[in-house]
Amino acid sequence: MSLPHPVSTADDSVHDDLLATRRQVLAAASVMILAQLAFRAWAISGSWYRFDDANFMSKLMSDGLSADLLFHGFAGHLMPGAFALTAYNFGLDPYAWAYPAIELLVLQAVANLGALVFLCSAFGVRRGILPPLALFLFSSISLPAFLTWGPGITQLPFLAAIFWGAWAHLNYLRTRRFGWALLAMLITLAAIAFGEKAMLLFWPYAVLALGWFATGDILARMRTLFTTYLPGVILYGIVSLGSVAAYLFLGASSSKASGTTDANGFAMVAQRFLFESWAPGAVGGPLRWTWLEGNSAGWSEPGAVVSVLAVVALALLTYELGRTRSIPLRAWWLVGGILVIDIGLITGIRAGGVGPDIALAYRYLTDTIAVTAMALALATLPLRGAVETLAPTRTSAFLDVPKRVAVVTAIVAGLGLFSSFSYAQGWHEDDNTRRYIDTVQADLADVDEPLPMADGPVPEWMVWGASHPYNQVSRVLRPLADKMEFPRASTDHLYLVDEDGHIRPAAVDPERRAIGAVAASQSRDKCTMRIRQTPLQVALDGGVDGAGWWVRVSYVAGADDAGRMRVTAGDHSYDVDIRPGFRSLYLRTGEGRFDTLEFQSLTPGSKPCLGGVEIGNVVPFGDPISGPEAEE
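On a predicted model such as this, the values are computed, not experimentally measured, just so you know. (Residues numbered from 1 in each chain as written. Predicted model: local features only at pLDDT ≥ 70, side-chain atom pairs only at ≥ 80, totals over all residues. Heavy atoms only, no water.)

### What about the overall build of the protein chain?
Within the protein chain one finds 19 helices and 14 strands. A compact globule built from 632 residues would reach a C-alpha radius of gyration of about 26 Å, whereas the protein chain, at 32 Å, exceeds it by more than 25%. Along the three orthogonal principal directions, the C-alpha set of the protein chain runs to about 125 × 55 × 55 Å. The burial tally for the protein chain puts 51% of its 632 residues in the buried class. For the protein chain, long-range pairs separated by at least 24 residues make up 79% of all intrachain contacts whose partners lie at least 6 apart in sequence. Carbon and sulfur atoms provide 61% of the accessible area of the protein chain, an area that totals close to 28,300 Å². (Helix = DSSP H or I, 4+ residues; strand = E, 2+ residues; numbered from the N terminus. Rg over C-alpha atoms; globule rule 2.2 N^0.38 Å. Buried < 20%, exposed > 50% of the residue type's maximum accessible area, 1.4 Å probe, protein only. Contact = heavy atoms within 4.5 Å. Areas by Shrake-Rupley, 256 points an atom, 1.4 Å probe, with all protein chains shown as cover.)

See the structure below:
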């Protein structure tokens, strides 16, 4: 067999130019990825657990990593992978931010690499992949979820799976090798394990298959997929339907959704989502953020001018694509479907409790930037190996001039980086949760024995009251259990954590008081309410209904009165020590209603004198245990 003739010098030159271009593209992509990771490393190094994270932590620390938590979910979310990794981190150190920060940064790197691999595989190593890659890397849309643990650990695996799953899916569509379909489903299931929203991956899978690997009307395209990819269709169907069924059976029952279902609510959410959040974010915005008092997250505030310019820019791009390229607009089905689904989810699950402004929170848009970047690539570049693919129909004064595309890409990336920096800076400055925890730890630093604490809710900006009982101090601060205890009864001392995280002595702000003994007997001494072994009924000036109130009982006892007594409030009784001297006894009420208290000495000969009874909520009284506030 004779060897082929050497290629010509011209062919060598073309080959060298292609190799040079490939190297330049990969070098530029690598620089962009490293720059984004460096920025995000800075951003997350100044972050800490925030808002829903405390709820997340409280649930896990209270109940442990149980089968119920793993497989029945929490607050409507089924995320066993996220809970398992969180439990591992807490086992190392519940308040060490380094572990989650590194894990989130690694997940971001995996997503970045997935974006590059998908773009190179789908369209080849060419300059045209750099604009969609830059859009994904530098848009501020994905930053808010990245900076906080709860949203980050559920959404970043989904973000990575959008690209890695689509890469495996495309390879299956091209080769029809079942192994690629199996890999795509393994990636999908891994993402779903961290958050059920990853079930939306089946939308880009369907759009890619129907839009680029079949021809004809929609029915003809579906028939083509069923006949050409039947094993994959069966596998994808089993996984998708099985995932939905598993979520509905296991996780949906844990939902505390507060949504709105009317058309007006949907329209208002859609308006904010599309025109004030997604569109500005897709072109580098929103440039400005609103930091709500008592809410550690910033919300998009682009203003009318930026919103209009963003919509106009996207409309002009769409027009130019439609004018100069074949089949470019079917790529918008990819991002359009995700936008509609996300708007529906926010409307039906979140908007009822917060209002349509919840759509200004980018943590609910994280997935949109990945599909937007993917749609941009599909609308501007021919998809390799596709049955139908994009082709130029006429020359574009913008799309066909690389320098102009490069300038616009740089501007959008720069604006996105500015918006991201502004958000990260505001996020660093508004670290209420970390200050609260640090203050509690500082006040408890010199405590040797656990302090008797009055339980109660942490501030609303930390955990919403709707999360009760996981908003209680005893649950949120469980890692500090060696320094605090939460008894039903305590003598002389009771403390609480105030709004700033300081440990202060507690006092009862009375709503009810004792008005005297019921059928009091005559006594020769000066004590009108002597506690003996015969029960003493003490009436209140009003009824008490429900748990969480505190009773302050004042009494005086001599040395011979030391012993035990029983206090009964409705269906709840407390057996407590009687200590000599002037004493204050604090009791936490249980469920039920009562309008009298019963006192009974359990020790023969012990006859303390009851001074008074006050019932109400506890309030801070005096300086923090670490010293006067003036010294802070």
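### Side note on the pairing of strand 9 (residues 550–557)
Extensive coverage of strand 9 is indicated by the burial of six of its eight residues. With eight bridges connecting them, strand 9 and strand 12 (residues 581–588) associate as antiparallel partners. Among the inter-strand pairings, valine 556 is bridged to a residue of strand 12, identified as phenylalanine 582. Pairing analysis gives seven bridges linking strand 9 to strand 14 (residues 609–620), with the strands arranged antiparallel. Residue arginine 552 lies in a different strand from strand 14, and its bridge partner there is glutamate 614. (Pairing = 2+ DSSP bridges.)

### Let's talk about the pattern of salt bridges
Opposite charge on two side chains lets them pair, provided their charged atoms get close. Taken as a whole, this structure holds 13 salt bridges when the rule is applied. With its nearest N and O atoms 3.1 Å apart, the salt bridge here joins lysine 197 to aspartate 342. Linking lysine 197 in the loop between helix 9 (178–192) and helix 10 (202–212) with aspartate 342 in helix 15 (residues 331–354), this pair joins segments that are 145 residues apart in sequence. Judged by relative accessible area, which is 24%, lysine 197 ranks as partly exposed. One salt bridge connects aspartate 357 with arginine 272, and the closest N-O pair in it is separated by 2.6 Å. With aspartate 357 in the loop between helix 15 and helix 16 (366–380) and arginine 272 in helix 13 (residues 263–282), this residue pair connects regions lying 85 residues apart in the sequence. (Salt bridge = Lys/Arg side-chain N within 4 Å of Asp/Glu carboxyl O.)

### Here's the deal with the state of the cysteines
Note on terminology: a disulfide is the covalent bond linking the sulfur atoms of two cysteines. Overall, the coordinates contain one disulfide when judged by the stated rule. In this model cysteine 527 forms its disulfide with cysteine 609; the gap between the sulfur atoms is 2.1 Å. Its S-S torsion of about 100° marks the bond between cysteine 527 and cysteine 609 as right-handed, since a negative value means left-handed. A residue pair is termed long-range when its members are at least 10 positions apart, and cysteine 527 in the loop between strand 7 (503–517) and strand 8 (536–545) and cysteine 609 in strand 14 qualify at 82 residues. (Disulfide = S-S within 2.5 Å.)

### Describing helix 9
Its 15 residues place the ends of helix 9 21 Å apart at the C-alpha level, agreeing with the 21 Å of an ideal helix rising 1.5 Å per residue. Taken as a whole, helix 9 has its buried residues at Ala181, Ala184, Met185, Ile187, Thr188, Ala191 and Ile192. Here the buried residues of helix 9 occupy an arc of 160° about the axis, which is enough to place them on one side. Set apart from the buried face of helix 9 by more than 90 degrees, the exposed residues are Gly179 and Leu186. (Expected span 1.5 Å × (residues − 1). Arc of directions from axis to C-beta.)

### Side note on the packing of aromatic side chains
Applying the stated rule across the entire model yields 21 aromatic pairs. When the centroid spacing of 5.6 Å and the interplanar angle of 90° are considered together, the rings of tryptophan 164 and tryptophan 167 count as edge-to-face. Of this pair, tryptophan 164 and tryptophan 167 are both found in helix 8 (residues 149–175), three residues apart, which corresponds to roughly one turn of the helix. Ring plane angle 70° and centroid distance 4.7 Å describe the contact between tryptophan 289 and tyrosine 423, whose orientation is recorded as edge-to-face. Pair noted here: tryptophan 289 is in strand 1 (residues 289–291) and tyrosine 423 is in helix 17 (residues 402–429), with a separation of 134 residues, a long-range link. (Phe/Tyr/Trp six-rings, centres within 6.5 Å; stacked < 30°, edge-to-face > 60°.)

### Things to note about the nonpolar core
Ranked by size, the top nonpolar core spans 152 residues in total, and within it Phe123, Phe136 and Trp278 carry the most contacts. Broken down by element, the residue count for this core peaks at 15 residues, all from helix 8. Among all residues touching phenylalanine 123, those that are not within four sequence positions of it are Phe118, Ile129, Ala377, Leu378, Leu381, Pro382, Leu383 and Arg384. (Core = buried A, V, L, I, M, F, W, Y, C linked by side-chain atoms within 4.5 Å.)

### Focus: the pairing of strand 8
Buried residues dominate strand 8, accounting for seven of its ten residues. Inspection of the sheet shows strand 7 paired to strand 8 by three bridges, in the antiparallel sense. Of the residues in strand 8, the one forming a bridge with glycine 516 is alanine 539. Of the strand pairs in this sheet, strand 8 and strand 13 (residues 593–601) are connected by six bridges, and their pairing is antiparallel. Residue pairing in the sheet places aspartate 545 in a bridge with arginine 593 of strand 13.

### Looking at the environment of leucine 173
Position of leucine 173 among the secondary structure elements: in helix 8. With residues near it in sequence (within four places) discarded, leucine 173 still touches Leu208, Ala209, Phe213 and Tyr229.

### What to know about unusual backbone geometry
Apart from glycine, the bulk of residues carry a negative phi angle, and the bulk of peptide bonds sit in the trans form. Put simply, glycine 285 and proline 286 share a cis peptide bond, and its omega is 10°. Looking at the element boundaries, proline 286 is found in the loop between helix 13 and strand 1. In this model, aspartate 492 sits at a positive phi of 75°, which is unusual for a non-glycine residue. As for its placement among the helices and strands, aspartate 492 is situated in the loop between strand 5 (489–491) and strand 6 (495–497). Residue aspartate 492 is classed as partly exposed on the basis of its relative accessible area of 24%.

### Digging into the confidence of the model for the protein chain
Overall, the predicted model of the protein chain reaches an average pLDDT of 89, with 91% of residues at or above 70. Across the protein chain, the element-wise mean pLDDT spans from 76 in helix 3 (residues 67–72) up to 98 in helix 6 (residues 130–138). (pLDDT = per-residue confidence, 0-100.)

### Concerning the environment of glycine 344
Within the secondary structure, glycine 344 is located in helix 15. Put simply, glycine 344 and valine 269 are 75 residues apart on the chain and 8.7 Å apart in space, counted from C-alpha to C-alpha.

### Structural notes on a negative patch on the surface
Together, Asp446, Asp448, Glu449 and Glu485 make up a region of like negative charge exposed at the surface. Here glutamate 485 lies in strand 4 (residues 484–485). Residue glutamate 485 is classed as partly exposed on the basis of its relative accessible area, which comes to 38%. (Patch = residues over 30% accessible without salt bridge, like charges linked within 9 Å, V, L, I, M, F, W, Y side chains within 5 Å. Lys, Arg positive; Asp, Glu negative; His and termini not counted. Charge placed at Lys NZ, Arg CZ, Asp CG, Glu CD.)

### Focus: the side chain of serine 139
Here serine 139 lies in the loop between helix 6 and helix 7 (143–146). A polar side-chain atom of serine 139 sits 3.2 Å from the main-chain amide nitrogen of isoleucine 141. Ignoring anything within four residues of it in the chain, the contact list for serine 139 reads Arg40, Ala134, Gly281, Ile369 and Ser420. (Polar contact = N/O pair within 3.5 Å; in protein donor to acceptor, adjacent residues only side chain to side chain.)

### Here we look at the side chain of arginine 325
With respect to the secondary-structure elements, arginine 325 resides in the loop between helix 14 (303–324) and helix 15. If near-sequence neighbours (up to four positions away) are discounted, arginine 325 is found in contact with Leu390, Ala391, Pro392, Thr393, Arg394, Ser396, Leu399 and Asp400.

### A closer look at helix 5 (residues 98–123)
For helix 5, built from 26 residues, the straight-helix expectation of 38 Å at 1.5 Å per residue is met to within 8% by its first-to-last C-alpha distance of 37 Å. Note on helix 5: the residue one or two positions beyond its end, glycine 124, has a positive phi of about 90°.

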